Structure formats: C-alpha cells, structure tokens
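Topology and contacts: notes
Each chain, written out:
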Amino acid sequence: MRTERGGGRRAVAMETASPPRGRSAAAAMSSERGPALPFLPGCAFRDPTKTSFHRSQTLGYKNGFAFCRLPTVGIGGERLYVNQLSQAELDELSNTRPTLTYRQARQAPPSGFIPAHVAFDKKILKFDAYFQEDVPLSTEEHYRVRQVGIYYYLEDDSICVIEPVVKNSGLPQGKLIRRHRVPKNDRGEHYHWKDLNRGMDITMYGRTYRIVDCDPFTQVFLESQGIELNPPEKMVFDPYTEMRQMPMRMYITPSDFDQLKQFLTYDKQVLRFYAMWDDTTSMFGENRPYVIHYYLADDTVEVREVHKHNDGRDPFPVLIKRQRLPKTFVEKKKTFPSCVLEISDQEVLEWYTAKDFAVGKSTTLLGRTFFIYDCDEFTRNFYRDKFGITDFQPVEIKEKPPEEVLQVIPPYNGYGFLEDSLQNCFSLFPKPPRKDIIKMLENDHKVLRYQVALESPNPEDRKRRFILSYFLSNDMISIYEPPVRNSGIIGGKYLGKTRVAKPGSTTDNATYYGPSDFIIGSTIEVFGHRFVITDADEYVLNYMESNAESFPAATLQSLRDHFRPRQVVEEAAKSDVPALGTSQQELDELIARVREELKLHNYLNNSSIREAFLRCDKDDSGVLDKAKFFSLCNSLSVPTNAVLINKLIDLCSCGEDKINYRDFLRAFPS
C-alpha cells in the first residue's frame, strides 16, 4: 500500500498492530492469562484482587499544547494489548516499506484540532496609517496630519489604533482606539483582516484613516492567504511640524579675526584699572573702590571689590564675574523680554574693548558708572605701545566729609521724667540718667514740709489746705491733702513724687522748683494749679540757717519773719508772762502780716465781718467769749486754722475764755 506523511504513518502502525490471521484477540489474551473458564452463567466469578475500577487518563499537555493518547490500562488495572505492538511487530514494522496494492489506499486520519487563540497567539498585523484633522483657530496652520499605527490581532479579530507620543506636542496622544472588535457598518458586521490592504481608506468611529504601508510579517501573511496587496505609499508628514523642525537659514560671513592668535599672543596679560563707584545719592551710600581687570586673551572684563578692615561689608571679592560686557545693544522689539539669561551676538552691536577704558573717564558697566582714576604700570605701557596714549595722570579722589545731621529732639510729651524720656532720643537701648549718689546719701530722709493753700475761684477749694513735701535727696515734690471731716472732699495723695518744672521752662533749658523758690506768701504753679505757701515746718528754718550759703537771703528772711511771732508767744508762755503784755510794735507787725495773708482770701468781706462782731457785742465791751468768737469766725469763713491768725488770736486773748475782738478786727480794715 502507499503511505502518506503524518496520517499515513499512523495508518500503517494501526494496520501492523492488528493480530495475525487465524488468531483472535481473545485467544491472545487467554494465552497470556492462562486457562480461562467458559463465559457462561454461573461460571463467572469476581476477582478479589481488583480494587481500582477507574478509567485511565487519555488527555494531556505537552509543551503547552493539548493532545490525546491511547489507553494502555483498562478498567480494573488490566493491561490492554489491543492498542500495543509486540516486539516482533515493531521489528517487522521497522523493516516494512510502503507498497502499492491493487486496492484503494487508506485515507489518512484527520489531523488534531488546534484552536485559533493557540494557532494565532501573539500574531499581529501592523499597518502604518495617518489621518487629517482641521485646525480652525490658528493662523500658522489650517490642518494637521497625525501618524498612527493600526494593529490587528489575529487571535480574536480585534483592532487597536495607537499614535506615537511626541514630546511637548500639546496633543492627547497614545492609544486613540482601545483594543476591541471594531464595527464595520450598521448591520452588525466587524472589520476582518480581509478588509485591510495598503493604499485604502478605512473609517472607524467617524474618522478616516489612510493606510499607506505594513510590516513584512503582515505582507507575508496576507500573501499566503491569497490577498493581492496594493503598492505602498509614502507617509504624509505634518507641514507645521516640519517647519518647526527645519532650522532657519542664517548667512554669517566668517570673520578673518584669528582668536587663536589673540589667545597665544595675549595669554596671561591683564589690564588693571583702579575705579570708584559713587553711590552717595542713595540712602547710606558711599564712594566704594573697585579694581577692573581687562583680559586681553579673550576681551573679557572682571570687576573686583576692594575691602578694608572693619568696613562692615561681607567679604565678597567679585562684583562682576569674568565675562564679555555689552556696550551697545540691538534695538529691541516690543515683544522681546527685558530680562534674558544669556546675551548672544544677535542682541549686541558692540562689546567693550580695551580702547573703551581710559584714566580720568567714566565707564558704565551693567548699569553702574565707574570712574577710573588710575592704572598699573603694565597698562600704561600697553596703551603707550598699542594706542600711543601718553597721558596717564592719576586723578586724586577726595572723600567728601560726611554731612553733619543735626539731632532734633522732639518735644516732651509729658510721660515720665524729662531726663529719662530724653534718653530714648540718644540711644536705641536707652540707659537711665545718672544720679548724684553723694547727694542722695547726704540728704537721705531729709524732707522740707510746707503748708500751701489752693488758689481757686471756687469757694469750696479756698478752704482746702495741703502739705507740700520737698525731698532734698532727689529734688522731688509731693503734695498731700489731710482729710477733713464733713468737708465733702476725700483727702489723701494729691501729687506723687515728681520734679515740677517752673512756668516758662523748655525741654532744652528746664528749670525746676527748689527750696529757694518757696517763700512764705509766694505762689507756685504745679501742672496748671496755683498754690500759695502759707506756712512751713521749723525744720525748714533750721535747715536753711545751717546752710545759709546755699539759699538766698530773701527766702531765709521770710522764714524768720514768719516764725518770729510764734517764737515770742512760746517765750512768753515759758516765762509765764501774759500775752497782753506784748509790745504794741509786735502786735502791729503781726496784724500787718495777717493782712497780707488775708489778701489771698478774696472771698472775705471785711465790712460784713466787722458788723457781725459789733452786732454780737451788745454791751459794747470789746470782749467776746472764745466759743462765741470761734463760732462766729466759722460762720464767716474766717481761716482760723492759719498759723498767723492763730498767733493773732493768741495775742488778742484775755485770759482763758475771753478775746479782745477789736484788736483782731484791725486785721480786717473796712
């Protein structure tokens, strides 16, 4: 018989594996198992050695492919000899050659089934295509050409469209159509690989793609399937993208200047100029020295700052690093940015060269004007040989003396002491004013006390009496008002310890009240309030007499005159001499002093006082009881608590309970 490749070989194997003529399969099996019982009812028995009755596995995988094999063991684990070849049959089969018989040859069995996802796994058809879209809002382009790749997956007939990503294109690129079966029309049909070819248009979701070429694998596959491919076309490119990629043609005439020769000739040769930058026009500005270096090798300029000890500046040595400095710029367009990172030859018409620097002239470098006042010896020789310049007279730079700024002290605002507040105008961190320690130690706890009366148009304030204390240790004044019962005025501290300036004193020449200003009967002004000094302690008189050289004679005499009547009364009391024996001269002096003090009390009406006393003296004796006298004085608002009036009352007393009111009324002339 005639054999074929593949299936023919299996047919031969199956034919040779059949048992020889005259011998059945049962006989072969019985010969292998031994004598067998006839298969009759009652003669069959169950073999107890058989424990497994499952069918053997015939399906398997090899190298990732599924295949089926013939069973070798039957149910119960018995070995099957039907599908197996003996050794003799295998030897005979190996020596048997195909023969041609007169009968019809057996057809080869069909080959094994291979699914599409296995046969076409990882087999993809790739087509190069492009599509065109309109650009309505651009003046530089009217349409845009976008190149894509169409991928057809043979395993499931799906299609994917991907556009290569171009950096900084500003377009959403990448996968335009995800992988799936793309519908072909409204009848439910889908695109097949038979519908794709070169040189044709294909429409997917309203966008038309032009297929221009495919890869070699796609070409071989389609030709093997009997499809005639169209000739390939050229890929169309975007005109705007090509215009952006095409460099602008520039015509630059090569220069005949040899930079290498300049470098080899002037290497390590530097011109040094000494310059000054005048920055006095700005706040806290000054004249700052600089050194300008001009490198002849490459026409670069460097500006270095000159530092001095304790100049108060950070030690940055370089103001302008070594670079070519532009002298004249090209006329800029309105759209050209005013600040650029790098300046090229296209923006500059002229650069700074060695001939632009000269002693005694100013040069503007990057917006700063430098005045060149001197140069070194090498620079002089270079300019003398190169340009023929011989005038290198250095310019003397005189530093302008700093302008004296007058310190204007602001007016005193009234807060705190004048000396203490003034320290804020002299220093950022004010220090307390220096104190006279020796004066404080010598006059510690030494206080001069005076009795003062408030000068006021209000009748209620005229009766008020205050104690003015002057502290000799620090020249401060405090005022205290003794509380008076049923007066309607709360007493206590009226003025804290402070220095009181005299009226008319200024912050530049401040004068303060002192013991020399406190004369009995004088008026002082304390922060807008006027007080009249009516009395003082005897300690004040003793202190001033012991330090008479430090006080005016008028002040000391006023205190002596004030205390003389009191001393006469005290001496008379000690000597048991009645006050009536007092000389008429002393009484007249006391009455005169009382009149001077009563002038301060403008509210007193002398005529009404005299009429009241005369009306009470019905028998015209000129003497009144003390109780009646004091009640009458209180009703007439006569200040009986004053020191001088008390002295006058003592001098006018007649015994213990009588007072000669006629001598008292002499102090109240009509």
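Presented here is an overview of the structure given in this document.

Rules of the game
- Residues numbered from 1 in each chain as written.
- Predicted model: local features only at pLDDT ≥ 70, side-chain atom pairs only at ≥ 80, totals over all residues.
- Heavy atoms only, no water.
- Pairing = 2+ DSSP bridges.
- Helix = DSSP H or I, 4+ residues; strand = E, 2+ residues; numbered from the N terminus.
- Axes fitted to C-alpha atoms, helices over the stretch in contact; angles between N-to-C directions.
- Phe/Tyr/Trp six-rings, centres within 6.5 Å; stacked < 30°, edge-to-face > 60°.
- Lys NZ or Arg CZ within 6 Å of the ring centre and 35° of its normal.
- Salt bridge = Lys/Arg side-chain N within 4 Å of Asp/Glu carboxyl O.
- Buried < 20%, exposed > 50% of the residue type's maximum accessible area, 1.4 Å probe, protein only.

This paragraph deals with the sheet that holds strand S16 (residues 368-375). The antiparallel open sheet is built from six strands, whose spatial order is S12-S11-S10-S9-S16-S15. Edge positions in the open sheet fall to strand S12 (318-323) and strand S15 (362-365), since each of these has one partner strand only. Going across the sheet, the axis of each strand differs from the next one's by a mean of 35°, ignoring polarity. Here nine bridges tie strand S9 (residues 270-278) to strand S10 (residues 287-295), and the two strands are oriented antiparallel to one another.

Scanning the entire structure with this criterion turns up 22 aromatic pairs. Measuring from ring centre to ring centre gives 6.3 Å for Tyr513 and Phe518, while their planes differ by 25°; the resulting arrangement is stacked. What links up through ring pairs into an aromatic cluster is the set Tyr266, Phe273, Tyr294, Tyr352, Phe357, Phe382, Tyr383 and Phe387. Taking the ring centre of Tyr512 as reference, the NZ or CZ of Arg499 above it sits at 4.0 Å.

Tallied over the full model, the rule gives 27 salt bridges. Here Glu286 makes a salt bridge to Arg313, at a shortest N to O gap of 2.5 Å. Placement of the pair is Glu286 in the loop between S9 and S10 and Arg313 in the loop between strand S11 (300-305) and S12, with a sequence separation of 27 residues. For Glu286, a relative accessible area of 34% corresponds to the partly exposed category. For Arg313, a relative accessible area of 31% puts it in the partly exposed group. Between Asp461 and Arg464 there is a salt bridge, and its shortest N-O distance comes to 3.3 Å. Owing to a relative accessible area of 15%, Arg464 belongs among the buried residues under this scheme.

Below, the discussion takes up the pairing of strand S21 (residues 523-526). Along S21, the buried face is formed by Ile524 and Val526; none of Thr523 and Glu525, which line the opposite face, is buried. What sits between S21 and strand S22 (residues 529-536) in their antiparallel hairpin is a turn of two residues, with Phe527 showing a positive phi close to 50°.

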